[in-house]
Number of protein chains: 2
Amino acid sequence: MSEPRVRDLDEAALLRRIFAVLEGSSTALVGPGDDAAVLAVPGERLVATTDTLVHGPDFRLAWSSGEDLGRKAAAVNLADVAAMGARPTALLVALAVPDAMPVTFVEDLARGLRAACDELAPGCAIEGGDLTVSDTLTVAVTALGVLDGAPVRRSGARRGDIVAVAGDLGPATRGLRILFDRFRGADGTPMSMEPSVLSDAERSDVVAQLRPTPPIALGSVAARAGATAMMDVSDGLILDATRLADASGVTLDLSSSLDDDALTGGEDHALLATFPADAMPEGFRRIGTVRERGACAVTVGGVPFSGRGGWDPYQDWDAARG
Amino acid sequence: MSEPRVRDLDEAALLRRIFAVLEGSSTALVGPGDDAAVLAVPGERLVATTDTLVHGPDFRLAWSSGEDLGRKAAAVNLADVAAMGARPTALLVALAVPDAMPVTFVEDLARGLRAACDELAPGCAIEGGDLTVSDTLTVAVTALGVLDGAPVRRSGARRGDIVAVAGDLGPATRGLRILFDRFRGADGTPMSMEPSVLSDAERSDVVAQLRPTPPIALGSVAARAGATAMMDVSDGLILDATRLADASGVTLDLSSSLDDDALTGGEDHALLATFPADAMPEGFRRIGTVRERGACAVTVGGVPFSGRGGWDPYQDWDAARG
């Protein structure tokens, strides 16, 4: 094999490869090359969140390219910033990489992180990071953002508000099902994905799973429009709506026209928000109504939902990798 | 075994255990329980850095307790914030834990993170985090801080400045040597550390390796005193001084009274700074002089240093764990 691996380079050389991919994107007051970045925070309030993708529970290398992984790691974090009503301004990326990984994989990952920022959150860039060697490929991203007004929390939904969503509900979970059903060997080992055997609709679902594109810009739009509560749907609508309902002390009654994938599928990172009647901005669609707190946190067409609401990493991972 | 493991709890239950350890420390405008934290940034400039500890290259579980690991993960990140002349205000912690780890280990780790903040950087707290399962225990910390004045970079050292250091140089590397020499089996496997077989001085060195205590508060003191350049010594004085010298376009001439451990040992996270003559504040001691750039970035007693200057994670890890 002539392809260079991470172990063939020293840290400085690998960092140079990554910086070459990121070049020109920083807007930091002090960027890479010092002990820490210095970033502008107009308004003196910072939104900060962190989320990690781990080889095994969060992705399989048979299915995700480096660019897929970078895009997803950025997107899931940008969504958490957007869900507070904030504009993302910076990512910090802690990358732990097995030393046998191809250098090009790391470059592709950096390319994916940058592309997701450029496309989903223009003005946001990778402003810091850390590179270490590990037996388990791990991408820990911290996303930072700034607020124009007050943060939108999970706890502000009021009886009579509209329940609305921006972004897709369902494709990412359908995509995962396609990957599990069609691209694993008899023993469950993930097999390389062959897009040509998929229909256009199936391919689109798989892309939604591997490269989610949440509507990041609509987070601050919702805040300006007067959203009373907001969060991103990462673990499934029922499960996440329950969290919002519990935090707000209300019941969310969702439309009975939502199908099962929309109700229980996670990982699209759509924005779930509540608005006073008539305040819902463009880009959101109504999916329910906020009611006085009843016996159930969430109902569908007025009826309690029976079934599994979402995903728990400690209960649901089958310990496989590939 | 009746001791509960991470896999015996769901995510919410494990988070409750961690929150119980951290309770009462947050000063965030919006704390845990939402999609992201909201933090105050007086002065509108944020210092941000991230650094990761990975099982294998960065620690061995035969030697580090959960509390050791939490303390070290906090300290190395706090040092990077301090090295910019900033006051640390918040940590975000992305924790990836094998599901067989005892729950008490995770609680101890949270306890260590909190203790390091309380002792080294009062006012700094764990304001956000992420918890995931992984085959490799990984602690990725992002540290945030605020500035009273201008950030102190690596590039500002000027000819005639004093080279100074605050904090220890050498104990952590001596401690690592003791662990490698005395607490490994014939096949190199780390063995449980037995403090009673060590002298007081040896024990103190081992503690410096497992729980470094860099002088965090002296970072902003140095900035106010007029430090022209600063960084923390993480990989070894010669190696890190070379980085500072290269960034500043000068040569650092270090005192020939420094021993080998002080010159090449890393991981104490002392603060290396340059000051105009007579500006060096209390807590720092003089270890050299900034000279016009010569053939070498760093000299010791006027003579080029011959030997290895520090540690490279991609060249130096032996791939062992334990």
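What you see as residue numbers is a count from 1 along each chain, following the sequence as written. Whichever chain is written first is A, and whichever ligand is written first is 1; the rest continue in order. Restriction of local features to residues with pLDDT of at least 70 applies here, the model being predicted, together with a cutoff of 80 or more for giving and counting side-chain atom pairs; totals for whole chains, interfaces and linings are based on all residues. Neither water nor hydrogens contribute to the side-chain values; these are computed over all heavy atoms in the structure.

Is there a simple way to explain the overall build of chain A in this structure?
Along the backbone of chain A there are nine helices and 12 strands. C-alpha extents for chain A along the principal axes are approximately 65 × 55 × 35 Å. Burial classification: accessible surface area is computed with a 1.4 Å probe over protein chains only, and a residue below 20% of its type maximum counts as buried, one above 50% as exposed, and the rest as partly exposed. A buried classification covers 58% of the 322 residues belonging to chain A. For the area figures, the Shrake-Rupley method with a 1.4 Å probe applies, and any residue is considered shielded solely by the protein chains shown. Total accessible area on chain A is roughly 12000 Å²; 49% of this is exposed by carbon and sulfur atoms. For the purpose of charge, His is not counted, nor are the chain termini; Lys and Arg are scored as positive and Asp and Glu as negative. A charged residue contributes its charge at one atom only: NZ of Lys, CZ of Arg, CG of Asp or CD of Glu. When the 29 positive and 46 negative side-chain charges of chain A are each reduced to one mean point, those points stand 3 Å apart. Secondary structure counts use DSSP, requiring at least four H or I residues in a row for a helix and at least two E residues in a row for a strand, with both numbered from the N terminus.

Got a minute to help me understand the packing of aromatic side chains in this structure?
What describes a pair of aromatic rings is the distance from one ring centre to the other and the angle between the planes of the rings. Side-chain rings of Phe, Tyr and Trp (the six-membered ring for Trp) are treated as a pair once their centres are within 6.5 Å; stacked means planes under 30 degrees apart, edge-to-face means over 60, and tilted covers the remaining angles. Applying the stated criterion to the full structure yields four aromatic pairs over all chains. Residues phenylalanine 275 of chain A and phenylalanine 284 of chain A carry aromatic rings whose centres are separated by 5.1 Å and whose planes lie at 75 degrees to one another, so their mutual orientation is edge-to-face.

I keep staring at the interface of chain A and chain B and nothing clicks. Help me out?
When the parts of a complex come together, some accessible area is lost, and that lost area is often taken as the interface size. The contact rule is simple, with two residues in contact once any of their heavy atoms fall within 4.5 Å. Counting residues at the interface gives 65 residues for chain A, matched by 65 residues for chain B. Computed with a 1.4 Å rolling probe, the buried area is the accessible surface lost when two parts are put together, summed over both parts. Taking both partners together, chain A and chain B bury about 5200 Å²; carbon and sulfur atoms supply 55% of that area. The term salt bridge refers to a pairing of a side-chain nitrogen on Lys or Arg with a carboxyl oxygen on Asp or Glu at a separation within 4 Å. Taken together, the connections running from chain A to chain B amount to six salt bridges. The closest approach of N and O atoms between arginine 154 of chain B and aspartate 34 of chain A, which form a salt bridge, is 4.0 Å. Of all the elements in the fold, those that place two or more residues in the side of chain A that touches chain B are helix 1 (11-22), strand 1 (37-40), strand 2 (45-54), strand 3 (87-97), strand 4 (125-133), strand 5 (138-146), strand 7 (229-233) and helix 9 (313-316) of chain A. A per-element tally of the side of chain A that touches chain B places strand 2 of chain A first, with nine residues. Across the side of chain A that touches chain B, the residue classes tally to 36 nonpolar, 12 polar and 17 charged. Ten residues, namely Ala, Val, Leu, Ile, Met, Phe, Trp, Tyr, Cys and Pro, are considered nonpolar, four, namely Asp, Glu, Lys and Arg, are considered charged, and the remaining ones, Gly among them, are considered polar.

I tried to follow the relation of the copies chain A and chain B on my own but got confused; where do I start?
For the pair of chain copies, the relating operation is a rotation around an axis with a shift along it. Residues reaching a pLDDT of at least 70 in both copies supply the C-alpha atoms on which the copies are superposed by least squares. For these two chains of identical sequence, chain A goes onto chain B by a turn of 180 degrees and a shift of 0.0 Å along the axis, with RMSD 0.0 Å. Both copies of the chain, as the preceding transformation shows, are related through a two-fold rotation axis. Among all residues of chain A, the minimum C-alpha distance to the rotation axis is found for glutamate 44 of chain A, at 2.4 Å. Interface overlap between copies is the fraction of interface residues in one copy that are interface residues in the other; for chain A against chain B it reaches 100%, indicating a shared surface.

Is there a simple way to explain the side chain of serine 248 of chain A in this structure?
Residue and element names in this part refer to chain A. With respect to the helices and strands, the residue serine 248 is situated in helix 7 (residues 237-248). Looking at serine 248, the relative accessible area reads 10%, which means it is buried. Sequence-distant contacts of serine 248, that is, excluding residues within four places in its chain, are made with Arg154, Ser155, Gly156, Ala157, Arg158 and Ala229.

It is not clear to me how the domain arrangement of chain A should be interpreted in this structure. Could you clarify?
Residue and element names in this part refer to chain A. Segmenting chain A into domains produces domain 1 (7-146) and domain 2 (152-310). Throughout the structure description, domain borders are defined by an automatic or database domain assignment. Distance between the C-alpha centres of domain 1 and domain 2: 25 Å. Residue-level contacts link 23 residues of domain 1 with 26 residues of domain 2. Roughly 2000 Å² of surface becomes buried between domain 1 and domain 2 when both sides are summed, with 62% attributable to carbon and sulfur atoms. If you sort the residues of domain 1 by the area they bury against domain 2, Trp63, Lys72 and Leu120 come out on top, with a joint share of 34%. Across the pair lysine 72 and glutamate 267 runs a salt bridge whose closest N-O atoms are separated by 3.0 Å. Residues adjacent in sequence count toward polar contacts only when both atoms are side-chain atoms; beyond that, a polar contact is any pair of N or O atoms within 3.5 Å, and within protein one must be able to donate a hydrogen and the other to accept it. Where domain 1 meets domain 2, there are six residue pairs in polar contact (both at pLDDT 80 or more). Within the residue set of the side of domain 1 that touches domain 2, elements represented by two or more residues are helix 2 (66-82) and strand 3. Of the residues forming the side of domain 1 that touches domain 2, the biggest block, 10 residues, is contributed by helix 2.

Honestly, the UniProt feature "domain: PurM-like N-terminal" (unreviewed entry) in chain A in this entry has me stumped. Any pointers?
UniProt positions are given in the numbering used here, feature names are shortened, and annotations may be inferred rather than shown by experiment. In the numbering used here, UniProt assigns the "domain: PurM-like N-terminal" (unreviewed entry) feature to residues 33-146 of chain A. With 31% helix and 38% strand, residues 33-146 of chain A has its two end C-alpha atoms placed 24 Å apart.

I tried to follow the sheet that holds strand 8 (residues 250-254) of chain B on my own but got confused; where do I start?
In sheet architecture, strand pairing relies on hydrogen bonds along the backbone and comes in two forms, parallel and antiparallel. All names here are of chain B. Two strands qualify as a pair provided DSSP detects at least 2 bridges between them. Pairing is mixed across the open sheet formed by seven strands, whose spatial order is 7-9-6-10-8-11-12. Looking along the sheet, the strands with just one partner apiece sit at the ends: strand 7 (229-233) and strand 12 (303-304). Judged from the five bridges that link them, strand 8 and strand 10 (residues 285-292) form a sheet pairing that is antiparallel. Within the sheet, the bridge partner assigned to leucine 252 lies in strand 10 and is valine 290. In the packing of helix 6 (residues 217-225) onto the sheet, contacts are made with strand 6 (162-166), strand 7 and strand 9 (270-275), and the angle to strand 9 comes to roughly 0 degrees. Every axis corresponds to a line fitted to the C-alpha atoms, with the helix fit spanning only the stretch in contact, and the corresponding angles, defined between N-to-C directions, vary from 0 to 180 degrees.

Any chance you could explain the pattern of salt bridges here in plain terms?
Two side chains bearing opposite charge may form a pair once their charged atoms approach each other closely. This structure, assessed with the given rule, holds 48 salt bridges over all chains. Two residues, glutamate 67 of chain B and arginine 71 of chain B, come together in a salt bridge whose shortest N-O distance is 2.9 Å. Of the two residues, glutamate 67 of chain B and arginine 71 of chain B are both situated in helix 2 (residues 66-82); the distance of four residues between them amounts to about one turn of the helix. Take arginine 71 of chain B: its relative accessible area is 14%, and that puts it in the buried class. Each member of the salt-bridge network shares a partner with another, and the members are Glu67, Asp68, Arg71, Glu119 and Arg211 of chain A.

Is there a simple way to explain helix 4 (residues 171-182) of chain A in this structure?
For an α-helix the count is 3.6 residues per turn, leaving residues at separations of three or four pointing the same way. Residue and element names in this part refer to chain A. To estimate how far a helix should reach, multiply one less than its number of residues by 1.5 Å. Here helix 4 is 12 residues long and its end C-alpha atoms lie 16 Å apart, about the 16 Å a rise of 1.5 Å per residue gives. Among the residues making up helix 4, those that are buried are Pro171, Ala172, Gly175, Ile178 and Leu179. Looking straight down helix 4, one finds that the buried residues subtend no more than 115 degrees of arc, so they occupy a single side. Think of it as the arc spanned by the lines of direction from the helix axis to the C-beta atoms.

How do you make sense of unusual backbone geometry when you look at a structure like this?
Among all residues except glycine, the phi angle is most often negative; among peptide bonds, the trans geometry is most common. At aspartate 278 of chain A, a position not held by glycine, the phi torsion is positive, near 75 degrees. Position of aspartate 278 of chain A relative to the elements: it lies in the loop between strand 9 (270-275) and strand 10 (285-292). A positive phi angle, close to 75 degrees, is found at glutamate 267 of chain B, a residue other than glycine. Its location among the elements puts glutamate 267 of chain B in the loop between helix 8 (260-264) and strand 9.

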